[in-house]
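Per-entry structural report
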Amino acid sequence: MDFPSTLKQLSKVQKPARGVPGYSRFVNRPAGRVLAAAAHGIGLSPNHVTAASGLVTFPAIAAVALYPPSHALGRWVTLALLIGFALDSADGQLARLHGSASSAGAWMDHVVDCAKILSIHAAVLVSFYRFFDLPRPVLLLAPITFQFAAVLLFFGGMLTEQLRRRGADVHTGPMRPHSAARGIALLPVDYGLLCLIFLFLGNQQLFFALYAALLGAHMVLVPAFLAKWFRELS
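Nothing here was measured: the structure is a model prediction, and the numbers come from that model.

A closer look at the nonpolar core
- If you look at the biggest cluster of nonpolar residues, it comprises 35 residues, and the most contacted ones within it are Leu 81, Phe 128, Leu 194, Phe 198, Phe 207 and Tyr 211.
- Leave out the neighbours within four places in its chain, and Tyr 211 touches His 121, Val 124, Phe 128, Ala 142, Pro 143, Phe 146, Leu 194 and Ile 197.
- In this structure, Val 13, Ala 37, Val 49 and Leu 94 belong to the second largest nonpolar core, which totals 10 residues.

What to know about the packing of aromatic side chains
- Throughout the structure, instances matching the rule amount to 11 aromatic pairs.
- Centroid distance Phe 198 to Phe 207: 5.2 Å. Interplanar angle 55 degrees. Geometry classified as tilted.
- On the basis of relative accessibility, which here comes to 1%, the residue Phe 198 falls in the buried class.
- Centroid distance Phe 225 to Trp 229: 5.3 Å. Interplanar angle 40 degrees. Geometry classified as tilted. Taken as a pair, Phe 225 and Trp 229 lie in helix H9 (residues 204-233) at a separation of 4 residues, close to a single helical turn.
- Through pairs of rings, three or more aromatic residues link up here, namely Phe 128, Phe 132, Phe 146, Phe 198, Phe 207, Phe 208 and Tyr 211.

Here we look at helix H4 (residues 71-98)
- The terminal C-alpha atoms of H4, which comprises 28 residues, lie 41 Å apart, in line with the 40 Å expected from a rise of 1.5 Å per residue.
- Count one or two residues on from H4 and you reach Gly 99, which has phi positive near 65 degrees.

Describing the side chain of Thr 50
- With respect to the helices and strands, the residue Thr 50 is situated in helix H3 (residues 46-66).
- Of the polar contacts made by the side chain of Thr 50, one reaches the side chain of Asp 91; its length is 2.6 Å.

Quick word on the environment of Arg 25
- Within the secondary structure layout, Arg 25 lies in helix H2 (residues 22-41).
- Linking Arg 25 and Asp 190, residues 165 residues apart in sequence, is a C-alpha distance of 9.8 Å.

Remarks on the environment of Ser 53
- Structurally, Ser 53 can be placed in helix H3.
- Classification of Ser 53 by relative accessible area gives buried; the value is 1%.
- Along the backbone, Ser 53 and Val 112 are 59 residues apart, and their C-alpha atoms lie at a distance of 8.5 Å.
- Once residues within four sequence positions are removed from consideration, Ser 53 is found in contact with Gly 84, Leu 87, Asp 88 and Lys 116.
- Polar contacts involving the side chain of Ser 53 include one to the side chain of Lys 116, which spans 2.5 Å.

Observations regarding helix H6 (residues 141-166)
- With 26 residues, H6 extends 37 Å from end C-alpha to end C-alpha; this agrees with the ideal 38 Å at 1.5 Å per step.
- Buried residues along H6 sit against helix H5 (103-131), helix H8 (191-196) and H9.

Some points on the state of the cysteines
- In this structure the tally under the stated criterion is 0 disulfides.
- Here Cys 114 stays free of any disulfide, with the sulfur of Cys 195 as its closest cysteine sulfur at 15 Å.

So, the packing of H5 against H9
- At a minimum axis separation of 13 Å, H5 and H9 run at an interaxial angle of 145 degrees. You can see that H5 and H9 cross each other, and the crossing is left-handed. Packed against H5, whose contacting residues are His 121, Val 124, Phe 128 and Phe 131, the element H9 presents Gln 204, Phe 207, Phe 208 and Tyr 211 at the interface.
- Broken down by class, the residue content of the contact of H5 with H9 amounts to 6 nonpolar, 2 polar and no charged.

Here we look at the packing of H6 against H9
- One way to put it is that H6 packs onto H9 with a least axis distance of 9 Å and a crossing angle of 25 degrees. With respect to each other, H6 and H9 are oriented roughly parallel. Both H6 and H9 take part in a crossing whose hand is left-handed.
- A breakdown of the residues in the contact of H6 with H9 according to their chemical character gives 17 nonpolar, 5 polar and 3 charged.

Reading the values: rules and limits
Residues numbered from 1 in each chain as written. Predicted model: local features only at pLDDT ≥ 70, side-chain atom pairs only at ≥ 80, totals over all residues. Heavy atoms only, no water. Core = buried A, V, L, I, M, F, W, Y, C linked by side-chain atoms within 4.5 Å. Buried < 20%, exposed > 50% of the residue type's maximum accessible area, 1.4 Å probe, protein only. Contact = heavy atoms within 4.5 Å. Phe/Tyr/Trp six-rings, centres within 6.5 Å; stacked < 30°, edge-to-face > 60°. Helix = DSSP H or I, 4+ residues; strand = E, 2+ residues; numbered from the N terminus. Expected span 1.5 Å × (residues − 1). Polar contact = N/O pair within 3.5 Å; in protein donor to acceptor, adjacent residues only side chain to side chain. Disulfide = S-S within 2.5 Å. Axes fitted to C-alpha atoms, helices over the stretch in contact; angles between N-to-C directions. Left-handed = near helix turned anticlockwise from the far one by under 90°. Nonpolar A, V, L, I, M, F, W, Y, C, P; charged D, E, K, R; others polar. Parallel < 35°, antiparallel > 145°, perpendicular 65-115°, else oblique.

Set out below in structure tokens:
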């Protein structure tokens, strides 16, 4: 298939939009579709794309911990994180296009995703400790708390999805429309929004305020998600 035909075919093999936050749904998936079509054109496999996502993402995360915050660093880190996120969407789309989804591929994808979540908050913690003029040492707990909440959300979501597939009789409640408003409401737990706040890495006070705001949203939304998933599986 040529590039336009591949894009058209990819649009037919998208995951359902239900419960997908705004950036992931409206920006990242379309960007991933373009990258998946390009990867298909040059003969890459889904695992190649997953590896490329890691190769783009992890040097940017390491740079957050290694170099003093600046506007230039923030722009470079944001670009790399967003490209890595789009590639993370592209690998699954490419697998569905090829009909080659496998347990090994899903395992690799999830392991890389988990490593990203763990390392990005660890890098922020190191940056806060080395370079930020925080008024109180206790504020160093913010990245640790954020990491805990983000990993819990990731693991809970993955486990819930697996248990739904295993139990065909699991009641998940009535299907709601894939509203744009719901996607916007879920933006605070969107990895893409976390990537975007690194644009403000050069402004320490603003970056910390945005990071703390996302942490606060996680502290509210993660318990709500856990209760919802438990209720559905019950």
